[in-house]
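Close look at the chain arrangement
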Amino acid sequence: MIPDPIAEGLANGWSAVDASGLSENKTLETDVVIVGTGAGGGMCAEVLCAAGFKVVLIEEGPLRSSRDFTMRESFAYPELYQESASRKTKDKAINILQGRCVGGGTTVNWTSSFETPPPTLAHWQKHHDVAGCDEAAMKPWFDKAFARLGIHQWPVPPNPNNAALQRGAEQLGLSFEIMQRNVRGCANLGYCGMGCPINAKQSMLITTIPAALDSGAALYSRTRAVRLMFSGDRVQGVVCAALDERGVFPTGVQIEVRAKAVVLAGGAIGTPALLLRSGTPDPYQLAGKRTFLHPVTAATAFFEEEIRPFEGAPQSIYSDEYLWPEGADGPMGFKLEVPPLHPVISATVLDFPGSAHHTAMARLAHIQGMLALCRDGFHPDSPGGQVNLRTDGSPLLDYPFTDFLRDGFRRSLKAMVEIQFAAGAKEVVPLHRHSQPYKTWAEAKKALDALPMDPTMVRLFSAHVMGGCPLGEDPRQALVNSEGRHHHLQHLWVMDGSVFPTSIGSNPQVSIYGMTLKNAEALVKSLKS
Amino acid sequence: MQRRTFLKAGLLGGTALACAGWLSHDTFWGKGTHLAAKGDHRYDFLTEADHAVVSALAPAVLAGSEAAGNPKLTEEVVHAVDQTIAAFQPSVQAELRQLFTLMTLAPTRVLVCGLWRDWPAVTPDDADAMLRGWHASRTALLRSAYDGLQQLITAAWYGNPRSWPALGYAGPPPFHNNGEVTE
Ligand SMILES: Cc1cc2nc3c(=O)[nH]c(=O)nc-3n(C[C@H](O)[C@H](O)[C@H](O)COP(=O)(O)OP(=O)(O)OC[C@H]3O[C@@H](n4cnc5c(N)ncnc54)[C@H](O)[C@@H]3O)c2cc1C
Ligand code: SF4
């Protein structure tokens, strides 16, 4: 039997309330209320609690733990993901994966760990007036995150899915590297995306949040922050709605949290939506604009030998060969990685009408997948998307395509297909509504030159939502300063992936941990003065 | 079902979908306002009329799989689709309500789906032809309606352990994380 730190903590008297069970309104008083318990919220909570502050954590999703993580997609997607893992952009062109549970995205992410790339930090300094975030200034914070979460280079040989990327890169003389991962005692199972069943993944769920709860923080799950309370230029707290057991409809119970400081950590999309609902001051109308996705293109390949893409650490090899083609602000660069392929995720991305779909699924054990994270937000023709509110107050991201993006999508698909053939694929299908299984690189290349890279034609995904509440010193282009403090409302801070002024250019969790550790320290200082 | 009907459906589909928002609020049509119920399967979103739609589409979407020719498995798929939708947020449920209204009302069914017969009489070939039309449609709304239905139905089946043996997937490793072996 695997020890379950959440079950143990609850048994030891943690203050954790599942609001779906509440029948009466509540009013709470605290030093700091944190909205969201993902990468930013978790890290921030631990720092504040260690400094002796009273913290209330508000989380829209449920509190689940290893005993619930049965490695089934049919459980994980509706329970642990935003909109059952079916969140889409307004035109339905991009499928967005975000966590919605205690631990947020860190409970379901694939454990790949990178510091913010130096060209990204330099770009922010140069173009977005970000201060105190150069490589040297950030290093101690990344080191801290590495130590806290056991991040190290993965010593186990890659599974065949990742080995194909390495082999293809070697064949073509492209660079590749071995992934760093935030795991301790990982059994190489490959189910990170459904919640780690043995607590090997060092998510916020099993690290910082238990530490915060051990030191007396209170956690409200199934609780949605609906709007901020503020008066004049001071934020006073947050009004929340309890959600029903499925997390779909509000129950009518309201929880009001009054606090000396409010930290927004609902993630990109979530945090800007809360600001928009609250009507907080935003003289330059920045909230929700410049939301980035690392739009992901993907290709599946059929190999004669077994690949078994559902087994083994999901991501262990990557290639940055095409990440910075002409520096940070040249044509769109992309990072190459590999996705795990379990039945549901595969079935929904393999897009062949009729019996061809099942024929493809029946070969799942022989399918290899590759993905390209396209680095958006660095070029004027890549301004990202805009979070708007639906009439019921829920967020909807409008993410228009530009020719700059289309060019990147096309190049990235070609790069992946070429690598897959070089690795020995018999057939490759770049994910596009009108693509076919191609038997040679030449045939695929010709097709990819012609296929339209338009919305709902090229298949796009995102597991990295960033931006929408950018940081920087200039209030005309940033909503919070370089330490995450709101430019216009006192005692309001933002610490999550929404603060980045561009996308990151690599998987973002460590960027969020590092930035949050730095900024939470600034918050502690401000609370003490 | 003829190619011309698709083209027409493609052109008119957008307008029809836009109107369905209003139609779905109108109880005058009276159709399918009762939630489906099949044996022990309680339904939370799909009405009897919607149930017939998904039951007709599933064998076409899952053609070649064990679920396609097996009414009991098809029913499991339809029920899983219902439970998935019931977990979607209200605004997405409302969008799907519009789509199902559009597909179940006779005039829009003929116009947009190109189906003269009502859903219980729709054959897998009819459903397949309709789906291929939507998949390749020039109307973005129909393409995304296709994607939505395809994803709901395939997720429902391939999330079901019964589908796994045919994929060469043995399921998650047996594991003692909750005091029980999961398989
Ligand atoms: C499947 C998947 C795989 C990934 N793989 C990797 C990887 O390998 N490496 C990597 O670096 N990154 C990965 N990521 C991305 C990474 O996990 C996220 O970038 C990161 O978790 C974002 O942190 P955050 O603090 O911004 O928000 P999140 O972690 O998303 O947390 C936000 C939390 O706030 C809650 N919330 C939002 N709005 C409200 C509200 N109004 N009221 C109450 N609560 C609210 C949400 O429910 C959520 O739990 C992956 C993500 C996914 C989904
Ligand atoms: S691969 Fe490792 S970290 Fe991921 S779920 Fe399996 S044991 Fe956990």
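Residues numbered from 1 in each chain as written. Chains lettered and ligands numbered in written order. Predicted model: local features only at pLDDT ≥ 70, side-chain atom pairs only at ≥ 80, totals over all residues. Heavy atoms only, no water.

**Side note on the overall build of chain A**
Selection criterion: Helix and strand labels come from DSSP, where a helix needs a run of H or I of at least four residues and a strand needs a run of E of at least two; each type is numbered from the N terminus. Note on method: radius of gyration uses C-alpha positions; expected globular size equals 2.2 Å times residues raised to 0.38. Only protein chains enter the accessibility calculation, which uses a 1.4 Å probe. A residue is then buried if its area is under 20% of the maximum for its type, exposed if over 50%, and partly exposed in between. Between two residues, a contact is recorded if the distance between any of their heavy atoms is within 4.5 Å. With residues, only the protein chains shown are counted as cover, and all accessible areas are computed by Shrake-Rupley using a 1.4 Å probe.
When you go through chain A residue by residue, the secondary structure sums to 14 helices and 23 strands. Compactness check: chain A gives a C-alpha radius of gyration of 22 Å against a globular reference of 24 Å for 529 residues, within 12% of the reference. Over its C-alpha atoms, taken along the principal directions, chain A stretches across nearly 65 × 55 × 45 Å. Burial analysis of chain A (529 residues in total) assigns 64% to the buried set. In chain A, the share of contacts with a sequence separation of at least 24, taken over all contacts with a separation of at least 6, comes to 75%. In the structure as shown, chain A presents an accessible area of about 17,500 Å², 51% of it carried by carbon and sulfur atoms.

**Some remarks on the pattern of salt bridges**
Here is the rule: We define a salt bridge as a contact between a side-chain nitrogen of Lys or Arg and a carboxyl oxygen of Asp or Glu at a distance within 4 Å.
Scanning the model with the defined rule gives 35 salt bridges over all chains in all. Here Arg459(A) ties to Asp147(B) by a salt bridge, and the two come within 2.9 Å at their closest N and O atoms. With Arg459(A) in the loop between helix H13 (441-450) and strand S21 (460-462) and Asp147(B) in helix H7 (residues 140-158), this pair bridges two chains. In this pair, the class of Arg459(A) matches that of Asp147(B), namely buried. The residue Glu76(B) makes a salt bridge to Lys72(B) at a minimum N-O spacing of 3.8 Å. Within this pair, Glu76(B) and its partner Lys72(B) are both found in helix H3 (residues 71-86), separated by 4 residues, close to a single helical turn. Here the salt bridges share partners, and the residues they tie into one network are Arg64(A), Asp68(A), Glu79(A) and Arg222(A).

**Some details on the state of the cysteines**
A covalent bond bridging the sulfur atoms of two cysteines is what the word disulfide describes. Residues and elements named next belong to chain A. Rules: In this description, the term disulfide denotes a pair of cysteine sulfurs within 2.5 Å.
Scanning the model with the defined rule gives 0 disulfides over all chains in all. Looking at Cys44, it has no disulfide partner, and the nearest cysteine sulfur is the one in Cys49, 9.0 Å off. Of the cysteine sulfurs around Cys240, a residue in no disulfide, the closest is that of Cys44, at 16 Å.

**Observations concerning the interface of chain B and chain A**
Filter applied, for reference: Two parts lose some accessible area (1.4 Å probe) when they are put together, and adding that loss for both gives the buried area. N or O atoms within 3.5 Å of each other form a polar contact, as long as, within protein, one can give a hydrogen and the other can take it, and as long as residues adjacent in sequence are counted only when both atoms are side-chain atoms. When residue character is reported, Ala, Val, Leu, Ile, Met, Phe, Trp, Tyr, Cys and Pro are called nonpolar, Asp, Glu, Lys and Arg charged, and the others, Gly included, polar.
With 46 residues of chain B at the interface, the matching set in chain A holds 50 residues. Regarding the contact of chain B and chain A, the summed buried area is about 4,200 Å², with carbon and sulfur atoms giving 56% of it. The tally of links between chain B and chain A comes to 4 salt bridges. Linking Arg246(A) and Asp44(B) is a salt bridge whose minimum nitrogen-to-oxygen distance equals 3.0 Å. Put simply, chain B and chain A have 15 residue pairs in polar contact (both at pLDDT 80 or more) between them. Mapped by element, the contributors of at least two residues to the side of chain B that touches chain A are helix H2 (48-61), H3, helix H4 (90-104), helix H6 (124-135) and H7 of chain B. Looking at the side of chain B that touches chain A element by element, the count peaks at 9 residues for H7(B). Looking at the side of chain B that touches chain A residue by residue, the classes come out as 20 nonpolar, 19 polar and 7 charged.

**Looking at the site of ligand 1**
Residue and element names in this part refer to chain A. Rule in force here: By convention in these notes, a residue is near a molecule or strand provided one of its non-hydrogen atoms lies within 4 Å of it.
For ligand 1, the set of nearby residues contains 40 residues, the closest of which are Glu59, Ser112, Ala225, Gly497 and Gln509. Separating an oxygen atom of ligand 1 from a backbone N or O atom of Asn507 is a distance of 3.4 Å. The fraction of the free accessible surface of ligand 1 (1,000 Å²) that becomes covered by protein chains is 97%. Counting residues per element, the ones that place at least two in the shell around ligand 1 are helix H2 (39-50), helix H4 (105-108), strand S10 (223-231) and helix H14 (509-528). Grouping the constituent residues of the shell around ligand 1 by class yields 13 nonpolar, 21 polar and 6 charged.

**Focus: empty space enclosed by the protein**
Any space left empty among the atoms is revealed by the rolling of a water-sized probe across them. Residue and element names in this part refer to chain A. Condition: Every definition here rests on a 1 Å grid over the protein atoms only: cavities are sets of points where a 1.4 Å probe fits but cannot get out, pockets are open sets enclosed by protein on both sides within 12 Å along at least five of seven lines, and lining residues have some atom within 4 Å of a point. Grid points are joined across faces, edges and corners, and a volume is the space filled by probe spheres set on the points.
In the structure shown here, the tally under the stated rule is 4 cavities of 30 Å³ or more. In this structure, the largest cavity spans a volume of roughly 90 Å³. Along the walls of the largest cavity sit 15 residues, with Cys186, Leu189, Gly190, Cys192 and Cys196 positioned nearest its centre. When grouped by side-chain class, the residues that make up the lining of the largest cavity number 10 nonpolar, 3 polar and 2 charged.

**As for the UniProt feature "domain: Glucose-methanol-choline oxidoreductase N-terminal" (unreviewed entry) in chain A**
Selection criterion: UniProt positions are given in the numbering used here, feature names are shortened, and annotations may be inferred rather than shown by experiment.
As recorded in UniProt, the feature "domain: Glucose-methanol-choline oxidoreductase N-terminal" (unreviewed entry) lies at residues 79-296 of chain A. The distance from the first to the last C-alpha atom of residues 79-296 of chain A is 24 Å, and the span holds 28% helix and 25% strand.

**Examining the packing of H2(A) against H14(A)**
All names here are of chain A. Put simply, the rule is: Axis lines are fitted to C-alpha atoms, over the contacting stretch for helices. Their N-to-C directions set the angle, which ranges from 0 to 180 degrees. Throughout this description, any angle smaller than 35 degrees is read as roughly parallel, any larger than 145 degrees as roughly antiparallel, any in the 65 to 115 degree range as roughly perpendicular, and the remainder as oblique. Left-handed describes a crossing whose near helix is turned anticlockwise from the far helix by less than a right angle; the clockwise case is right-handed.
At a minimum axis distance of 9 Å, the contact between H2 and H14 shows a crossing angle of 40°. Classified by the angle between their axes, H2 and H14 sit oblique to one another. Along this stretch, H2 crosses H14, giving a crossing that reads as right-handed. Listed contacts from H14 to Ala39, Gly40, Met43, Cys44, Val47 and Leu48 of H2 are Ile512, Tyr513, Thr516, Leu517, Ala520, Glu521, Leu523, Val524 and Leu527. In the contact of H2 with H14, the residues fall into 12 nonpolar, 2 polar and 1 charged.

**Some thoughts on unusual backbone geometry**
It is generally the case that most residues other than glycine have a negative phi and that most peptide bonds are trans. Residues and elements named next belong to chain A. For Ala85, which is not glycine, the phi torsion reads 65° and is therefore positive. With respect to the helices, strands and loops of the structure, Ala85 is situated in the loop between helix H3 (73-80) and strand S4 (87-88). Looking at Ala85, the relative accessible area reads 11%, which means it is buried. Notably, Asn188 is not glycine yet its phi reads approximately 60°, a positive angle. Assignment of secondary structure puts Asn188 in the loop between strand S8 (180-182) and helix H8 (208-214).

**Quick notes on the packing of H4(B) against helix H5 (residues 106-113) of chain B**
Two measures define how a pair of helices packs: the angle their axes make with one another and the distance between the axes. Residues and elements named next belong to chain B. Across the interface, H4 lies against H5 with an axial gap of 5 Å and an inter-helix angle of 95°. By the criterion of interaxial angle, the relationship of H4 to H5 is roughly perpendicular. Of the residues in H5, those in contact with Thr101, Leu102, Met103 and Thr104 of H4 are Ala106, Thr108, Arg109, Val112 and Cys113. Of the residues in the contact of H4 with H5, the class split is 5 nonpolar, 3 polar and 1 charged.

**Some details on the pairing of strand S2 (residues 41-47) of chain B**
The criterion, for reference: Strands qualify as paired when DSSP identifies two bridges or more between them.
In terms of strand pairing, strand S1 (residues 35-38) of chain B meets S2(B) through 3 bridges, oriented antiparallel. Within the sheet, the bridge partner assigned to Leu35(B) lies in S2(B) and is Thr47(B).

**Observations regarding helix H9 (residues 270-278) of chain A**
Buried within H9(A) we find Thr271(A), Pro272(A), Ala273(A), Leu274(A), Leu275(A) and Ser278(A). Gly279(A) occupies a position one or two residues after H9(A) and carries a positive phi of about 65°.

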